[in-house]
Each structure stands twice: as C-alpha cells, then as structure tokens.
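# Descriptive structure summary
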Amino acid sequence: MKDQQRYYKLYSTLLKNSKTRIVLFSNLTLSFFFTVKIMALKQVSSNKCFEGFQKVFEHDSAELKCKMKFGIYLPPKAETGKCPVLYWLSGLTCTEQNFITKAAFQQAAAEHGLIVVAPDTSPRGCNIEGEDESWDFGTGAGFYVDATEEPWKTNYRMYSYIKDELPKLINANFPTDPERMSIFGHSMGGHGALILALKNPGKYKSVSAFAPICNPIQCQWGKKALGGYLGPDASKWEAYDATQLVKSYSGSRLDILIDQGKDDQFLSAGQLLPDNFIAACTERKVPVVFRLQQGYDHSYFFIASFINDHIKHHAKYLNA
C-alpha cells in the first residue's frame, strides 16, 4: 500500500508539469509501470496583438500520425488567470493561417477574454497516393471525420483529433478552463463545428457557423468526401451530417447561430443546403438563429464582417 501511495504521489506531482503526460498501468499485484511522454510543442511564430499574443505551434499528432500546426490567440487575461477556449474549424483548402490572418477576431477575443484555437484542416505530408490530386478531398479537406477506408483511415481522423487530442494538448500547455469550451467554423469547418456539438451534448457551451455545409449526404462535396473516407454505404455517412444528427438530438439546450451570405456561389450551387438543417431544427425545437446576409459571398470578407457577433455569441455562454 505504501508503494501504491508513493506512485500516486509521483503521478500527481508529474501531472502538474504541463509538458508531461503519464500513462499508468497496473496488474493484479498492484505493480505500477509508467510510460512518460513529453508533449512537445514547437513555437513557430508569436506576434503581440491587442495586448495578447497570436501564436502558432507545431506538434506531433498521435491521432493523425503526422506533424500538425495550430494557431492560438492568448488574450491579455491569460497572463493572470484561466480563460475559456473557443475552437475555430476552417474550410476546404485552408490551413491554420487563413483564420488568424484574415478574420480579424483578435480584438473581440481580447475584450471578452477568450483563448481562440485554430487548427489545420487535415493531415499533411502523409505520402498517401492521391492525397494532393484534388482541392476538395485529401490534403486540406479532412472533413472532420474519422476515416474507415484505406488508405485514409490511418491518418485522416480529424474528428477524434478535434474532439480529444487537441483539447488535451491545449489544456495541458495553456491557461485554460477545460469546463468552458465552445466551437465554430466556416463551410467545411461549419459542418465540423455543428456535428461535433450535436454528437457531444454538453461538451461545448455554444456553437456557431459561417456558411456551413449543413447536409453533406445530399451535396456533391459531401458525397465525394464521405464516400471516399467512409465507404459506399451511405447510411454510415449520417453520423457526420448535421441535418441528420439534429433529427435525433436530445441533449442539453444548444443555441445555434448561423450566418449565410445571400450571394454565396456555393449556396446557389446546392452545396450548403441550410434550409434542410433549419427545417430539421424547427421540427425538433432546437433553437437556431439563421441570418441571411444580403450581398455577402463565401469569403473571409464575409467572415470578418460578422465575426464580432459570433465572438459575442460564444462569450455569452463561456463567461456566464
């Protein structure tokens, strides 16, 4: 018993080290063995911004089995206390750079005391045949699913990376409050934000999206990606479709905010299908505010125009 207490004391001490993770195993004789893994973060860049810092880090992802980058904005409040975390998921072809350089979110994040994390959209450099052949599948197009088909299933596990690995990494290395977390995104990333919130009731305090792919099993982008990553059985695709998920949602109250540009070329092309999602939300009495913005397209000019509203939406729940 003394040995057991000693090991637990060592375990607790090591956990206080934000760069250490302990994996504990025990057998029937209560022998303990520890595997210690350093969660190494390599800082790529750091820029002071609205009295906080916009940083980019690189790390080795166990889930995706490749190096990954993420942007993280640390507001001034992070210097003196723990802050809520807001995760942003970007769209097709994007990296961690698009949002942090184009969305102009940092001032609002600083004012509301929110840490904002913006990961890459897919694994990169995995040497998978065909991963760079098209802009809407493979590199830059992870679609926030866990692939089940060869050759994608080893690396393309963005759903689990966003849900589990990335938050653990962020919480271990930055002054976060793990109990206060929200999520939002754009296009493919809006799809990702909606499905993560709907599949994990209570995990996120709030969710919002810009021009999300709302019903991927019914659009060409979704059919290509879900078919490629999950196989030809379309019934398996429904687990990653927000319109399908909301039809059976029975979790805690989730207020959803969606902004959609009326002049979005992908809206008129039938890739986004927000009407299907709104109808499903209405039927299930899931609160959703849908704003069709006159004259706006699918670009980051659109996102930057309304990003403050989304930050305020999340701050309402994260700072409650």
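Quantities reported herein were computed from a predicted structural model and do not represent experimental measurements. (Residues numbered from 1 in each chain as written. Predicted model: local features only at pLDDT ≥ 70, side-chain atom pairs only at ≥ 80, totals over all residues. Heavy atoms only, no water.)

So, about the overall build of the protein chain. Secondary structure summary: the protein chain contains 10 helices and 11 strands in total. Restricting to contacts in the protein chain with at least 6 residues of sequence separation, those with at least 24 account for 69%. Counting every atom, the protein chain has about 14,700 Å² of accessible surface; 51% of that belongs to carbon and sulfur. (Helix = DSSP H or I, 4+ residues; strand = E, 2+ residues; numbered from the N terminus. Contact = heavy atoms within 4.5 Å. Areas by Shrake-Rupley, 256 points an atom, 1.4 Å probe, with all protein chains shown as cover.)

So, about the pattern of salt bridges. Overall, the coordinates contain 12 salt bridges when judged by the stated rule. With its nearest N and O atoms 2.9 Å apart, the salt bridge here joins Asp-309 to Arg-291. With a gap of 18 residues between them, Asp-309 in helix α10 (residues 300-318) and Arg-291 in strand β11 (residues 288-293) connect regions that are remote in the sequence. Residue Arg-291 is classed as partly exposed on the basis of its relative accessible area of 26%. It is possible to trace a salt-bridge network through shared partners that takes in Glu-63, Asp-146 and Arg-157. (Salt bridge = Lys/Arg side-chain N within 4 Å of Asp/Glu carboxyl O. Buried < 20%, exposed > 50% of the residue type's maximum accessible area, 1.4 Å probe, protein only.)

In total, this model carries 21 aromatic pairs according to the counting rule given. Between Trp-88 and Phe-99 the ring centres are 4.1 Å apart and the planes differ by 10 degrees, which places this aromatic pair in the stacked class. Of the two residues, Trp-88 is situated in strand β6 (residues 83-89) and Phe-99 in helix α2 (residues 97-102); the sequence distance between them amounts to 11 residues. With a relative accessible area of 0%, Phe-99 lands in the buried category. Measuring from ring centre to ring centre gives 5.2 Å for Trp-152 and Tyr-156, while their planes differ by 85 degrees; the resulting arrangement is edge-to-face. Neither residue differs from the other here; Trp-152 and Tyr-156 are each classed as buried. Among the aromatic residues, those joined into a ring-pair cluster are Tyr-73, Trp-88, Phe-99, Phe-105, Phe-184, Phe-210, Tyr-296, Phe-302 and Phe-306. A cation over a ring is seen here: Lys-55 above Phe-53, with NZ or CZ 5.2 Å from the ring centre. (Phe/Tyr/Trp six-rings, centres within 6.5 Å; stacked < 30°, edge-to-face > 60°. Lys NZ or Arg CZ within 6 Å of the ring centre and 35° of its normal.)

This brings us to the environment of Asp-164. Inspection of the secondary structure puts Asp-164 in helix α4 (residues 158-173). Residues Asp-164 and Glu-63, 101 residues apart in the sequence, show an inter-C-alpha distance of 9.2 Å. Within the structure, the side chain of Asp-164 is placed 3.1 Å from the side chain of Lys-163, a separation counted as a polar contact. (Polar contact = N/O pair within 3.5 Å; in protein donor to acceptor, adjacent residues only side chain to side chain.)

So, on to the side chain of Asp-120. In this structure, Asp-120 sits in the loop between β7 (115-119) and α4. Judged by relative accessible area, which is 4%, Asp-120 ranks as buried. Within the structure, the side chain of Asp-120 is placed 2.5 Å from the side chain of Arg-124, a separation counted as a polar contact. Dropping the residues within four chain positions of it, Asp-120 is found in contact with Met-68, Lys-69, Cys-94, Thr-95, Glu-96 and Met-158.

Before going further, it helps to spend a moment on the UniProt feature "active site" (unreviewed entry) in the protein chain. The residues that UniProt annotates with the feature "active site" (unreviewed entry) are Ser-187, Asp-264 and His-298. These annotated residues cover 112 residues of sequence, and their C-alpha atoms lie no more than 10.9 Å from one another, placing them together at a single site. As for its placement among the helices and strands, Ser-187 is situated in the loop between β8 (176-186) and α5 (188-199). Beyond its immediate chain neighbours, meaning those up to four positions away, Ser-187 contacts Gly-91, Phe-210, Ala-211, Pro-212, Ile-213, Trp-221 and His-298. For His-298, the contacting residues outside a window of four places in its chain are His-186, Ser-187, Ala-211, Asp-264, Gln-265, Phe-266 and Leu-272. (UniProt positions renumbered as here; feature names shortened; annotations may be inferred.)

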